[in-house]
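Remarks on the overall topology
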Amino acid sequence: MIKLSPSILSANFVRLEEEIKILEREGIEYVHIDVMDGMFVPNISIGMPVIKSIRKATNMVLDTHFMIVEPERYIDEFISLGCDIINFHFEATKKHMEIIEKIKKANKKVGMTIKPNTDYKEILPFIKHLDLVLVMSVEPGFGGQSFMENSLEKISALRKYINENNLTCDIEVDGGIKLDNVNKVLEAGANVIVVGSDIFEKEDKSTIIKQYNEIFKNF
Ligand code: DX5
Ligand code: ZN
């Protein structure tokens, strides 16, 4: 089952609840929330108070993507904020297993994220403990960038590894996804698809969500 995870980074933050309600009305289960610290990435986005408000406003699965250095400093807080999926960057920490264990102990889902220049093999030692792997198809930090084709090989290699080893780990892909390139990401084996600007910069968000869901039916 393919899932869409709309990234609110490109949403109108003044009307965030309305925008989230559009996703709910379209039957979308996941909402992707990008947290940036201005250190791990050259941008600062949203943080704890906004996640807290979103948690109160919806029962959707909060698919959080933490682009912060040493995420171990905040794992307890992310858990108590009600994040359902906590994605942290492989490159941002040395305490991978400590983070994974803490998140799993709290019965939340854990995802490890890799930047475009990180070899997928780096995460293989951890993969059996992960609920998902998040492959970045742009340099993290900003919405609206162009999709990087080199992510496709990584996705295929990860899909092969996951299937051959009978793992249940999801493969999420994030960055530059549009209606006209989503097919190749799905063909490569991703099953959670983050889309930011292609949804939130459209006047008619419901129609574009329906178009993605139509494509997903073929996989
Ligand atoms: C980038 C973020 C993405 C971003 C995707 O660092 O992780 O989630 O919002 O936006 P688009 O789909 O516009 O590339
Ligand atoms: Zn993201």
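Quick notes on the rules
- Residues numbered from 1 in each chain as written.
- Chains lettered and ligands numbered in written order.
- Predicted model: local features only at pLDDT ≥ 70, side-chain atom pairs only at ≥ 80, totals over all residues.
- Heavy atoms only, no water.
- Buried < 20%, exposed > 50% of the residue type's maximum accessible area, 1.4 Å probe, protein only.
- Helix = DSSP H or I, 4+ residues; strand = E, 2+ residues; numbered from the N terminus.
- Arc of directions from axis to C-beta.
- Contact = heavy atoms within 4.5 Å.
- 1 Å grid on protein atoms, 1.4 Å probe; cavity = no way out; pocket = protein on both sides within 12 Å on 5 of 7 lines; lining within 4 Å.
- Points joined across faces, edges and corners; volume = space filled by probe spheres on them.
- Nonpolar A, V, L, I, M, F, W, Y, C, P; charged D, E, K, R; others polar.
- Salt bridge = Lys/Arg side-chain N within 4 Å of Asp/Glu carboxyl O.
- Near = heavy atom within 4 Å.
- Polar contact = N/O pair within 3.5 Å; in protein donor to acceptor, adjacent residues only side chain to side chain.
- Areas by Shrake-Rupley, 256 points an atom, 1.4 Å probe, with all protein chains shown as cover.
- Donors = N, O, S within 2.8 Å, 3.2 Å for Na, K, Ca; no water.
- Tetrahedral: all angles 85-135°; square planar, octahedral: opposite > 155°, others 65-115°.

Considerations on helix α1 (residues 16-25)
Residues L16, E19, I20, I22 and L23 constitute the buried set of α1. Around the axis of α1, the buried residues are gathered within 150° of arc, so they sit on the same side. Facing away from the buried side of α1 by more than 90 degrees, the exposed set consists of E18 and R25. On its buried face, α1 sits against β1 (3-6), β2 (30-36), α2 (48-57), α7 (197-200) and α8 (205-216). In the segment just after α1, G27 is the residue with positive phi, at about 75°.

Regarding the layout of surface pockets
Its volume calculated, the largest pocket comes out at about 200 Å³. Considering the residues around the largest pocket, the lining is formed by M1, I2, K3, L4, G27, I28, E29, Y30, N213, F216, K217 and F219. Broken down by secondary-structure element, the contributors of at least two residues to the lining of the largest pocket are β1 and α8. A breakdown of the residues in the lining of the largest pocket according to their chemical character gives 7 nonpolar, 2 polar and 3 charged.

Brief notes about unusual backbone geometry
Negative phi values dominate among residues other than glycine, just as trans dominates among peptide bonds. One non-glycine residue with positive phi stands out, namely E70, at about 45°. Examined against the element boundaries, E70 turns out to sit in the loop between β3 (61-67) and α3 (75-81). Judged by relative accessible area, E70 falls into the partly exposed class, the value being 42%. Phi at N166 takes a positive value of approximately 50°, unusual for a residue other than glycine.

Considerations on the pattern of salt bridges
Opposite charge on two side chains allows them to pair when their charged atoms are near. Within this structure, the stated rule accounts for 11 salt bridges. Taking the shortest distance from any N to any O, the salt bridge between K205 and E19 comes out at 3.8 Å. Of this pair, K205 sits in helix α8 while E19 sits in helix α1, and the two are 186 residues apart along the sequence. The exposure class assigned to K205 is buried, which follows from its relative accessible area of 11%.

Thoughts on the site of ligand 1
Around ligand 1, the structure places 20 residues, and the nearest of them are G141, G144, D174, G176 and S197. Note that an oxygen atom of ligand 1 is positioned 2.8 Å from one of the side-chain N or O atoms of D34. Here an oxygen atom of ligand 1 sits 3.2 Å away from a polar atom, N or O, in the side chain of H65. In isolation ligand 1 offers 390 Å² of accessible surface; the protein chains occlude 100% of this area. For the shell around ligand 1, the secondary-structure elements that each account for two or more residues are β2, β3 and β8 (192-195). The element that contributes the greatest number of residues to the shell around ligand 1 is β2, accounting for 3 residues. Split into classes, the residues belonging to the shell around ligand 1 amount to 8 nonpolar, 10 polar and 2 charged.

What to know about the coordination of the zinc ion (ligand 2)
Here the zinc ion (ligand 2) is held by the protein donor atoms H32 (NE2), D34 (OD), H65 (ND1) and D174 (OD), which lie 2.1 to 2.2 Å from it. What the 6 donor atoms of the zinc ion (ligand 2) show is an angle range of 68 to 168° at the metal, which sorts the shape as octahedral.

Considerations on the environment of R25
Take R25: it is sitting in helix α1. Look at R25 and you get exposed, because its relative accessible area is 64%. Separated by 181 residues in the primary sequence, R25 and S206 place their C-alpha atoms 8.4 Å from one another.

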